[in-house]
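For reference, the chains in residue letters:
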Amino acid sequence: MSTVESNVADHGNGDAAHAPHDPHLAHHFENPEQQYASAKLGMWVFLGTEILMFGGLFCAYSVYRHNHPDVFALAHEALNRWLGAANTIVLITSSLTMAWGVRASQLGSTTALRWLLGVTILGGYFFMGIKAIEYNTKWKHHLMPGSGNTYYAWNGQTPVKGFFNEEPEGEKTAEPTANKSEAPAVAEKTAPQVAAQAPRELPPGAAPDGNAGQPDHAVIFPNYQTPKGIAAKFGAADEQLKLDDLNTGDKQRLYTFFAVYFFMTGLHGLHVLVGMALIYWILLRASGARRRLWLVPAAPMSVGLFLAYLGVVCGSPRLIAIGVAVAAVSSLWAVVRYTIKAPRLATSEGEFGPDYYTPVDLVGLYWHLVDLIWIFLFPLLYLIH
Amino acid sequence: MWHSLLADPASTFWLPIRASTSAADNDWLFNFILWVNIFFSVLIIALMVLFVWRYRAKSAGEHGAAGGHNNALEITWTVIPTIICVMIYYWGFKGFLHEAVEPPAGYDITVVGRMWNWTFIYPNGYVSPDLHIPPNKPVRLVLQSMDVIHSLYIPAFRAKKDVMPGRYNRMWIESDDPGTYDVLCTAYCGKNHSTMLSKCVVEKDMDSFNKWLEDVSDWRGKVAPIDQGRIYYNQRGCSVCHNLTGAPGGTGPTWKDMFGNTIPLADGTTIIADEAYVKESILDPQAKIHLKYGPPSPMPSFKGAFKDYDIEAITYFMKSISANYKGPDLKPYTVPGPKPTKSPGEASATQPAQ
Amino acid sequence: MSAIPANLAGGHAHADDSHGHGDNYLNHQRGILSWLLTLDHKRIGLMYMMAVLTAFAIGGVFAILLRTMLWHPLPFYGVNITPDDQQRASTSYDLYNHFFTLHGAVMVFLFMIPAIPAILGNFVLPMQLGAKDVAFPRLNLLSFWIYVTGLVFFLSLLLGGVLHVAFGINMPGGFGLDTGWTFYTPYSSSHAEGNVVAATLGAFILGFSSILTGVNFLATVHMLRPKGMTWFRMPLFIWAVYSTAIIQILATPVLAITLLLLCAERAIGIGIFDPRLGGDPVLFQHFFWFYSHPAVYIMILPAMGIISEVMAAFSRKHIFGYAFIAFSSLSIALLSFLVWGHHMFVSGQSPLTNAVFSLITFSVAIPSAVKVFNWLGTMYKGSIRLRTPMLWALGFIWLFTIGGLTGLFLGALATDVPLTNTLFIVAHFHYVMMGSTLFAFMAGMYYWFPKMFGKMYDETIGKWAFWLAFIGFNVTFFPQFVMGSQGNPRRYASYPDGPIIHMLGRDIPSFVAGHRIATVGAYTLGLGLTLALVNWLMALRNGKKAAANPWGANTLEWHTPSPPPHDNFSFTPVAGDPYDMHGWKYDPAIDGWIEDEQAATRPSPAHAH
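Before going into details, it helps to say that this report is about the structure given with it. Here the structure is a predicted model, which is why all the values come from computation and not from measurement. (Residues numbered from 1 in each chain as written. Chains lettered and ligands numbered in written order. Predicted model: local features only at pLDDT ≥ 70, side-chain atom pairs only at ≥ 80, totals over all residues. Heavy atoms only, no water.)

**Thoughts on the pairing of strand 9 (residues 179-185) of chain B**
All names here are of chain B.
Piece 1. The element strand 9 is largely enclosed, with a buried count of six among its seven residues.
Piece 2. Examined bridge by bridge, strand 6 (residues 150-154) and strand 9 share two bridges and lie antiparallel to one another. Among the inter-strand pairings, L152 is bridged to a residue of strand 9, identified as C185.
Piece 3. Bridge count between strand 9 and strand 10 (residues 198-202): five bridges; the pairing is antiparallel. Each residue of the ladder has a partner; that of V183, found in strand 10, is S198. (Buried < 20%, exposed > 50% of the residue type's maximum accessible area, 1.4 Å probe, protein only. Helix = DSSP H or I, 4+ residues; strand = E, 2+ residues; numbered from the N terminus. Pairing = 2+ DSSP bridges.)

**Concerning the pattern of salt bridges**
Pairing between side chains of opposite charge can happen when the charged atoms of each approach one another.
Residues and elements named next belong to chain B.
Piece 1. Applying the stated criterion to the full structure yields 15 salt bridges over all chains.
Piece 2. Measuring nitrogen to oxygen at the nearest pair gives 3.1 Å for the salt bridge that ties R18 to D27.
Piece 3. We classify D27 as buried; its relative accessible area is 3%.
Piece 4. Residue D27 is joined to R158 by a salt bridge in which the shortest nitrogen-to-oxygen separation is 2.7 Å. Taken as a pair, D27 in helix 1 (residues 23-54) and R158 in the loop between strand 6 and strand 7 (159-163) lie far apart in primary sequence, 131 residues in all.
Piece 5. Look at R158 and you get buried, because its relative accessible area is 3%. (Salt bridge = Lys/Arg side-chain N within 4 Å of Asp/Glu carboxyl O.)

**Here we look at the interface of chain C and chain B**
Piece 1. With 101 residues of chain C in contact, the opposing surface of chain B contributes 92 residues.
Piece 2. Between chain C and chain B lies a buried interface of about 8,200 Å² when both sides are counted; carbon and sulfur atoms form 68% of it.
Piece 3. Our enumeration of links across chain C and chain B arrives at one salt bridge.
Piece 4. D280(C) is paired through a salt bridge with R167(B); the nearest N and O atoms lie 3.5 Å apart.
Piece 5. Taken together, the connections running from chain C to chain B amount to 30 residue pairs in polar contact (both at pLDDT 80 or more).
Piece 6. Secondary structure elements with two or more residues in the side of chain C that touches chain B: helix 4 (83-128), helix 6 (187-191), helix 9 (281-315), helix 11 (351-379), helix 12 (388-411), helix 13 (413-419), helix 15 (459-485) and strand 5 (584-587) of chain C.
Piece 7. Of the residues forming the side of chain C that touches chain B, the biggest block, 15 residues, is contributed by helix 11 of chain C.
Piece 8. Residues of the side of chain C that touches chain B, tallied by class, amount to 58 nonpolar, 33 polar and 10 charged. (Contact = heavy atoms within 4.5 Å. Buried area = accessible area lost by both parts, 1.4 Å probe. Polar contact = N/O pair within 3.5 Å; in protein donor to acceptor, adjacent residues only side chain to side chain. Nonpolar A, V, L, I, M, F, W, Y, C, P; charged D, E, K, R; others polar.)

**A few points about the side chain of T213(C)**
Piece 1. Looking at where T213(C) falls in the secondary structure, it is placed in helix 7 (residues 196-223).
Piece 2. When residues no more than four places from it in sequence are discounted, the contact partners of T213(C) are Y48(C), S143(C) and Q248(C).

**Some words on the nonpolar core**
Piece 1. One finds F157(B), F109(C) and F396(C) to be the most contacted residues of the largest nonpolar core, which totals 353 residues.
Piece 2. In terms of nonpolar packing, the next biggest core, distinct from the first, is built from 21 residues, W255(B), Y277(B), I314(B) and M318(B) among them. (Core = buried A, V, L, I, M, F, W, Y, C linked by side-chain atoms within 4.5 Å.)

**A closer look at helix 15 of chain C**
Residue and element names in this part refer to chain C.
Piece 1. Its 27 residues place the ends of helix 15 39 Å apart at the C-alpha level, agreeing with the 39 Å of an ideal helix rising 1.5 Å per residue.
Piece 2. Capping of helix 15 at its N-terminal end is provided by D458; its side-chain oxygen lies 2.9 Å from the backbone amide nitrogen of T460.
Piece 3. A positive phi of about 110 degrees marks G487, the residue just after helix 15. (Expected span 1.5 Å × (residues − 1).)

**Looking at the sheet that holds strand 3 (residues 127-128) of chain B**
Residue and element names in this part refer to chain B.
Piece 1. With mixed pairing, the five strands of this open sheet are ordered in space as 3-2-1-5-8. Strand pairing shows two members of the sheet lacking a second neighbour, strand 3 and strand 8 (169-173), which therefore form its edges.
Piece 2. With five bridges joining them, strand 1 (residues 107-114) and strand 2 (residues 117-121) adopt antiparallel strand pairing. Residue pairing for strand 2: G113 is matched across the bridge by W118.

**Considering empty space enclosed by the protein**
Residues and elements named next belong to chain C.
Piece 1. Scanning the entire structure with this criterion turns up 16 cavities of 30 Å³ or more.
Piece 2. In this structure, the second largest cavity occupies an estimated 150 Å³ of space.
Piece 3. Looking at the second largest cavity, it is lined by 17 residues, and the ones nearest its centre are I113, P114, L206, S209 and S210.
Piece 4. Mapped by element, the contributors of at least two residues to the lining of the second largest cavity are helix 4, helix 7 and helix 8 (236-268). (1 Å grid on protein atoms, 1.4 Å probe; cavity = no way out; pocket = protein on both sides within 12 Å on 5 of 7 lines; lining within 4 Å. Points joined across faces, edges and corners; volume = space filled by probe spheres on them.)

Here you go:
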C-alpha cells in the first residue's frame, strides 16, 4: 500500500524536486498558470460534452413536440409552474452565491467562501426538496414514466381515468386497480373511434383466409392525421385544452410527455446531486477539516441510503422516504457544521486562496452549467404551450 | 441510352441477373465505378510495389532523398479525385431520382412485413405470400411493417426499401423480364431473419397476370358463399355506408332485414328487394334509387369489381341477416383445410434458366 | 534551425548510460497495486493493452465461430419452409445472431474505438509532445477503470449466454445479445431476447471512458507542447489523435443520451423510439449514426496517424505534404459529422436529404485519397526498409485503398440501394475499419514495441504473421464483395446457393464456394494474429535488447531510452522538425541509430526545398 500512496502523492501533490514552492503543482506542469489553464480548458470541454448530451434530449423533445403539439399543450398543464418558478429562482440564487464564492476564494476571504458554499448547497437541497414534492404528486396521480403511467393503458386502446379526465374531488387518491377496473366499460365506447382513425391505405379486415393477420398491435397513425390546428387555437384564444380535444392517437401518446419530463428533469436532478457532492467536497477542503473527519457524516448518510435501497427492494415508499430523509438530514447537518467551522473539525485555515482556487472555479463552472440547463428545461416543460 | 452498352441481362461475375427496367442504368454506374476502382487500386498498389522495389535501402545507414512537398502535385491529386467524385455523385443521384419518383398509372400492391414472412395484398383484397406482378407496368409497393424494421430487397430489380413500423414507405418496380426472382429481407429482424424470403413472379403479360389474380382470388369451393359475402361486406367498403344493426341514418340503407323487404323508391314506386334488385343496385346504383338516399344515389358502381358469383355471395350474406327472407335456413359452412396457397416443390433460389 | 538541438546530445548520452540497468517506468515501482493505481500514462497504456487485447480475442473468437457456422448453409432454409421448420431452424439461427452481435459490439465498442487512442495514444502521445504525462493523469486512470467497468458489462452478457446455452439458466434481463451492434429500435426495445439493458449501459459507460480520454488528449495537446513545437511541427500522429479527440468529445455525448433513452425504452417503455408506443424508430437511427458515423473516423484517423509516422521512418524521408495530411485529418474530423444520413438512404427519408448526404459523403473521400497519395509520395525516392512495421503499414495502404474505393459504390445513391445491407457493406467496412485499423494498430504495435519494453521482436516471425494475416484478410473479405453485389444480405445465418458457376467441369453454387473461401481466410487471419501475439510474448521473454532509437526516427519519443524512464525524459526536450532524420546515424553495434554530432552543424537537406 505504501508504494501506492507515495505514487499518488508523487503525482498529485508534486515532486519536491520539481516544484519546491507550490504543493499544488503537479509534476508534469511547468508552472501553476499552465496547470490552471489546462484544468480550465479540460473543464470547459467537458461541459461542452454535457451540453451535447442534453442537446440530444432537447432534440428528441423538439421532434416530439413538433409531431404531437397537442400532447404537449395538454400534458404540461399537469406540471405546477409555480413550483418550477420557485426552483428557477433557487437555482439562480445559488449560482450567484457560487460565483460570489469563487470570487471570495480568489480574494482569500475564507470565511466568506465557506458561508457562500454552504448557502449554495442549501440551494441544492431546496431544489431537490421541491423536485421531490413534484415527483411525489406525479406519482400519486399515476403520471410516472413508462408502463406505470395511467395513459400508458391507452395504447392497448383501453382508456382509463387519469389526471385529465378524472373527477375533481375524491378520485385523486384512488387506487390504480380501481382505475383499471373501469377500463373495459370505457373501452367499448372508444373502440369505433379507434377504427375510424385507422388510415385509409390499410385495407380494413385484410385477412379473409388466414394468410395474413390484422395489424395486431402496430396501429399506424401517420403524422398528417394529427389536427395541428387545435394547439394553435388553444394558444390564440387562451382557452383550456380538454382531453376530448385530442384525437385518439394523441391520447395514446399523452404519457410520452411524462416520459420526456421525467427523463429530462431526472437526468438534470442527477447532475444537481453530483454538483452538490462536488460543492460539499470543496466546502470540506475550504474549511480545512482533517481528512480523517471527512468520513464522519458519511456513516449516517450510508445508513440512510441503504434504508432507501431496502425500501426500493421491498417496494416500501415509507422506507424510501425515511432513508432519504436520514441521508438528507445527516448531510445537511455536516454542511452546517463545516460552514460555521465547528472548532473540533478545523485544523487549518483551508486550502484555497489567491494562489490556488482551481477546484472552486471548476466546480463553480459545473454548477453554472446545471443552472443553465434548468433555465432551458423550465420554460420548455412548464411554460410553453 | 446506356442499355446498348450492357445488352446482356444475364448474371455476371459481379452482378446478379437483371430483370427490371431501371437496373440497366444502375448496372452501368456500378460498372463505371468498378472500373474507376480497378484503375486506382492497380495504380496505387503498383506504385507502392514499384517504390518498395526501386527505392529499397542499399545500406543500413542510408537516408532517403530530400523533398517534403510539391504543391502543384498535391493540388493535382486533390482535384482529380474531386472531379471523379462529382461525376459519380451526379450519376448516382440521377439514377436514384429515377427510382424515387413514382411514374403515374402504376399498379398498387400493399406489402406487409412481419417476423418472419412477407404478405402482398392486391387491390381486390387477395393476400398472397408471393409477389406476382405484371410485366412492363410500373408497380407501386406500399410497405408497412407489423412489428420491427424489415427491408424489402429484390436483387434482380436492384430495388430495396426499408419497411418501417409506424409509417408507410413506398417503392416502385417495373420488370420487363418474365420469370421468378428472389425477394429477401435485408434489415436484421430477429431469430429467423434469414428465412424471411419470398419470391417475385413476373407474369408473361397483363392477361396472364389478371388470370393468375382471378384464379387465386376465386373463393368458390374453399369458402362458404355466406362467409365470403361477409368478407366482401367488410373488405370492399360496403360497411362504410350500410350498417347491420338496423340503426337509422347513415349514407345508405341498413342491410338488416333488407332482403325480401319492400323498398320505397325515389320515383314513387316500390320494389321487393330480391336477387335481381340487389344485383342491379350493385352494378348500376342509379337505376332504382332508395327514396331516402338520392337521387342521385351516393353509391358508386361496382361493375367489373364483382363477378356474378361474388354478387351471389353478397346476396347470400344479406339473406342470412334478413328476417324477411323466407327460405331454407342458411347455416354458414366451412370447408375443412383451406387450399395451400404456397405451391410446393419450388427451390429456394429460383431463377429462370438462361 | 538545426536538425537536433545541441542540448539533446548530452541528454541522450546520459540516457544511453542508464540503459539496461537504470530506472525505467517498468521497474520504477513494484507490486500489483503500483500498476492498478498508477498515474503514469505509459503504464496506463499497457494496462489498456491487456484489457483491449482481451476484448479483441473475445471478438475474434466470435468471428471464427460465426464464419464456421457459415461453412455450410444452415438447414431448414428456403422459400417454402413451414412454420415447423422455422421453429427448428431458429435455435441455430439464434446462436448465429448472438455471435454476430457480440462480435460486432465487442469489436466496435471494446476494440476499435479504444485500440489506438487508448493504447498507443496513451503511451506515445505525451512522449511525442516531450511531456512528462498527459494533462490529467487521474482522469486518465479513471477512464481506464471506466473502460474495465464497461468490459465487465459485456462479459456479463457473455456469461449470461454461456449459462443459458450450457446449463439452461436464464439471467434476469435476458441472455447474450441479439440486436446487432446497431441496436435498431423497435427490435432492440421490445422484441430482442438479449440483455439489451446491460449492453446499452455497458456501451454508455465505455462512451464515458472515450469522452474523458478525448478531453485529456485535447488538453494535453493544447497545453503541454514543449518549446519549439508549433502546431505545424507536431508529429502527424498527434494531429490524428487530436482530430480524434475532437470527434470523441463532440459525438460520444449524443451516443450516451441515445443509449440512455434506449435503455429506458427497453426497461420501462417511455415511448421515444418504439412506434407501438408512439415513438419514432428513424429518430433512433439519426441519433445513433450521428455518433456512430464519426466513430468510424475515431477508428481510422489515429490509424492514419500511425501510417504517416511509419511511412516516414521506414522510407527514411521527410513525410510528403505534411500540411495536406494534417489538414486532411482535421477536415475528415469535421466532415464526419455531416454524413451520418448515408446510413439511411433506403429508410424512406426524403430524396433531397439523401442527395445532400450523398454529396457530403463524397467530399470525405477526397481528404482520404489525398492521404494515400501523400504516403506514396513519401516512399518516392526514399530508402525503404521492409521491416515488420513497414509491412503492416503497406498492408494498410492496400486494404485502405480497396476499402476506400469501394465506398464510392455506397456513396453514390443509385448503386447504394441494391448494395446496402448486403455482404458488400460487410466487406467494405471490414476493409476500412477492421483491415485498415487493425493493420495500422499492428504497425504501431511493432513500431513502438521496442520503445515500450526495450526488447526487439523476432523479425522473421513478425513477417510470417503479417503475410498470414494479410492473405487471410483478403481471402476472407474479398469474396464478400462479390457475394454482396450478387445479392446475399448481411446478418444471414443461412444463404441461398447463389448463381451456379462452372468450374473444373463441375457446377458449383457460388455462394457456398464464396462462404467456404471466406471461412478458410478467417482461420488464416486468426492464425496470423495469434502468431503476432506469440511473437511479442517471445520477445518479452528473450528478445534482444532494443536501442533507444532502433528505426532512426526523429519524433521525441525516440530521444529517450527504451524503455523510457518514469518521467519520460531526463532532460528538457526541445522539438525540431519531427520528420527530419538527418541528425541520426546508424550504429551497427547496437543495431540502432545514434545522434550524429556532425549533422548538428550541417545544414539539413530537408530544408533545401
